[in-house]
Amino acid sequence: MTAAAPAPVPVRDGRIAPVLILSTGRCGSTMISALLNQHPRVLSLSEFFVPLGPAAFTGARRDGAWMWDLFSRQSPALHAMLKDGEVVDEMLYPLGQPGARYRAADIPPIAMVTLPHLTDRPDDLFDELAPVMRERPAMPLAAQYQGLFDHLMARFGRDVWVERSGACCRMGLRNVSRSQ
């Protein structure tokens, strides 16, 4: 029996199509993000959606100010988990280290894992993204996310983004279907 030829890589406007890796927790997906992060053409958006909570998939159209609030403020569930300093191994933000702006109780969701996965200066990147997102007009959620991810790809000189979140299948897909 011969092996099937690999599927061609989808290309859009000369770029590789984005990739979502949906997984359960504790399955090695964090390692996958770390490996992808080493590739010079891949923007690895580790754990982007999960810390945002269910609101990340609600509403047909949102403006940039709403999106920035989503990225900046902990959901009630996330806050309940973090208020007493409970953190998970995947959290990369340098809590308690010199120069760290946030504590577990007030860290913005995108600064927990995603931004420190991209840079060793997550607070600076967070500040850089604020005006970029706040200025965006109302548009479908998918366009808001694509705009942010495109900005980050350009910022880091990458050709494709890959979002990987453990345990995001149940939360995200259920809410996406409700918002459409």
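Residues numbered from 1 in each chain as written. Predicted model: local features only at pLDDT ≥ 70, side-chain atom pairs only at ≥ 80, totals over all residues. Heavy atoms only, no water.

In the nomenclature of an unreviewed UniProt entry, the protein is known as Sulfotransferase of Tistrella bauzanensis.

How should the packing of aromatic side chains be read in this particular structure?
Between two aromatic rings, the relevant description is the distance of the centres plus the angle of the planes. Enumeration according to the criterion identifies 14 aromatic pairs in this entry. A centroid spacing of 5.0 Å and a plane angle of 80° characterise the contact between Phe-49 and Tyr-145, whose relative ring orientation is edge-to-face. Here Phe-49, found in the loop between strand S4 (42-46) and strand S5 (61-62), pairs with Tyr-145, found in helix H7 (residues 141-156); they are 96 residues apart in sequence, far enough to count as distant. Take Tyr-145: its relative accessible area is 7%, and that puts it in the buried class. Pairing Phe-49 with Phe-149 gives two aromatic rings, centres 6.3 Å apart and planes at 70°, and the pair type is edge-to-face. Placement of Phe-49 in the loop between S4 and S5 and of Phe-149 in helix H7 is noted, with a sequence separation of 100 residues between them. The class of Phe-149 is buried, set by a relative accessible area of 0%. An aromatic cluster is built from Phe-48, Phe-49, Phe-57, Trp-68, Phe-71, Tyr-93, Tyr-102, Phe-126, Tyr-145, Phe-149 and Trp-161, whose rings are joined through pairwise contacts. (Phe/Tyr/Trp six-rings, centres within 6.5 Å; stacked < 30°, edge-to-face > 60°. Helix = DSSP H or I, 4+ residues; strand = E, 2+ residues; numbered from the N terminus. Buried < 20%, exposed > 50% of the residue type's maximum accessible area, 1.4 Å probe, protein only.)

Can you help me understand the environment of Ala-100 in this one?
Topologically, Ala-100 is positioned in the loop between helix H3 (76-82) and helix H4 (109-112). For Ala-100, a relative accessible area of 26% corresponds to the partly exposed category. Each C-alpha atom of the pair Ala-100 and Pro-122 lies 9.1 Å from the other, and the pair is 22 residues apart in sequence. Dropping the residues within four chain positions of it, Ala-100 is found in contact with Tyr-93, Pro-94 and Asp-123. (Contact = heavy atoms within 4.5 Å.)

For this particular structure, what's the right way to read the nonpolar core?
Nonpolar side chains in soluble globular proteins tend to be buried together. Formed by 36 residues in total, the largest nonpolar core has its most connected members in Phe-48, Leu-52, Phe-71, Ile-110 and Tyr-145. Elements represented by at least two residues in this core include exactly S4, helix H2 (64-72), H3, H4, helix H5 (114-118), helix H6 (122-134) and H7. No other element matches H7, which puts six residues into this core. The residues contacting Ile-110, other than those within four sequence positions of it, are Phe-48, Leu-52, Trp-68, Phe-71, Leu-115, Pro-116, Phe-126 and Leu-129. (Core = buried A, V, L, I, M, F, W, Y, C linked by side-chain atoms within 4.5 Å.)

Would you mind going over the pattern of salt bridges with me for this structure?
Pairing of side chains with opposite charge becomes possible as their charged atoms draw close. Counted by the stated rule, this structure contains seven salt bridges. With its nearest N and O atoms 2.7 Å apart, the salt bridge here joins Asp-69 to Arg-73. By relative accessible area, which is 59% here, Arg-73 ends up exposed. Ionic pairing is found between Glu-128 and Arg-155, a salt bridge with its closest N-O pair at 2.8 Å. Of this pair, Glu-128 sits in helix H6 while Arg-155 sits in helix H7; the two residues are 27 residues apart in sequence, bridging distant segments of the chain. (Salt bridge = Lys/Arg side-chain N within 4 Å of Asp/Glu carboxyl O.)

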